[in-house]
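A closer look at the structure
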Amino acid sequence: MRRARPRISITQGLFAVTLTIVLVLAATIILYARHKSREQALIAASELMNQSVEIVRLRVDAIVDPIDSVIAYSRFWSELATLPTAEGHPARDRFVSLIDQYPEVWAIQLGFDNGDYYLLGPTDLRQPQRLRQLEAPPDAVFVEESILRSSRDPAQLYRQFLDAEGNIITGRTI
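1. Comments concerning unusual backbone geometry
Unusually for a residue other than glycine, Glu 135 sits at a positive phi of about 60°. For Glu 135, the position within the fold is in the loop between helix H4 (128-133) and strand S3 (142-148).

2. Topic: the side chain of Asp 116
Positionally, Asp 116 belongs in the loop between strand S1 (108-111) and strand S2 (117-122). You can call Asp 116 buried: its relative accessible area is 3%. Within the local environment of Asp 116, its side chain forms a polar contact with the backbone nitrogen of Arg 149, the two atoms lying 2.7 Å apart.

3. Description of the packing of aromatic side chains
Think of a pair of aromatic rings as described by two things: how far the centres are apart, and how the planes are tilted against each other in angle. Scanning all chains against the criterion turns up one aromatic pair. Between Phe 95 and Tyr 118 the ring centres are 5.8 Å apart and the planes differ by 40°, which places this aromatic pair in the tilted class. Residue Phe 95 is located in helix H3 (residues 92-101), and its partner Tyr 118 is located in strand S2; the two are separated by 23 residues in the primary sequence. Residues Phe 95 and Tyr 118 agree in their burial class; the two are buried. Between Arg 126 and the ring centre of Trp 106, over which it is positioned, the NZ or CZ distance is 4.0 Å.

4. Considering the sheet that holds S1
Hydrogen bonds between backbone groups are what pair the strands of a sheet, and the pairing can be parallel or antiparallel. Read from one edge of the open sheet, five strands run S1-S2-S3-S4-S5, paired in antiparallel fashion. Because the sheet does not close on itself, it has two edges, and the strands there are S1 and strand S5 (168-173). Mean inter-strand twist for the sheet, computed between neighbouring axes without regard to direction, equals 10°. Two strands pair when backbone bridges link them, and S3 and strand S4 (residues 156-162) are joined in this way by seven bridges, in the antiparallel orientation. Within the sheet, the bridge partner assigned to Glu 144 lies in S4 and is Gln 160. Along the sheet face, H3 touches S1, S2, S3, S4 and S5 and points at about 40° away from the line of S2.

Parameters and conventions
- Residues numbered from 1 in each chain as written.
- Predicted model: local features only at pLDDT ≥ 70, side-chain atom pairs only at ≥ 80, totals over all residues.
- Heavy atoms only, no water.
- Helix = DSSP H or I, 4+ residues; strand = E, 2+ residues; numbered from the N terminus.
- Buried < 20%, exposed > 50% of the residue type's maximum accessible area, 1.4 Å probe, protein only.
- Polar contact = N/O pair within 3.5 Å; in protein donor to acceptor, adjacent residues only side chain to side chain.
- Phe/Tyr/Trp six-rings, centres within 6.5 Å; stacked < 30°, edge-to-face > 60°.
- Lys NZ or Arg CZ within 6 Å of the ring centre and 35° of its normal.
- Pairing = 2+ DSSP bridges.
- Axes fitted to C-alpha atoms, helices over the stretch in contact; angles between N-to-C directions.
- Contact = heavy atoms within 4.5 Å.

Put into structure tokens, the structure is as follows:
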């Protein structure tokens, strides 16, 4: 006896073929999307790593550059021991170049064993009302102050305003 083969209608056949095509297409789309999202994740991770490396490099530079600068200027340290005068400090030009090189520096201050004191700083970091009180000229870029105690009784304050090159614009004794 022969067994009767089950008959599949045309509709069922078309449905089976369509279902197979749809499943193959869906699987292909899923695999493609997974591949692309993996690629994008790797690119994003690479960019994050590069940004992290750059941030670390900038932070290290922020720590090391001032140290390098101090080392570069270390041969001039003997000038730092020189006492300021009413005309300022002999190393004024070096200080001006340091402040130009590092704009985040608020001031360079030196104190001496004999009680003398020296300060040089940019005017743009000072409050405008304070500059008015000090009678700073509008073209002043730096303010320089020397307090001389060693040879004077009482101590004398000398304040000078300097241009961008460190040349004296105006000064006075207080």
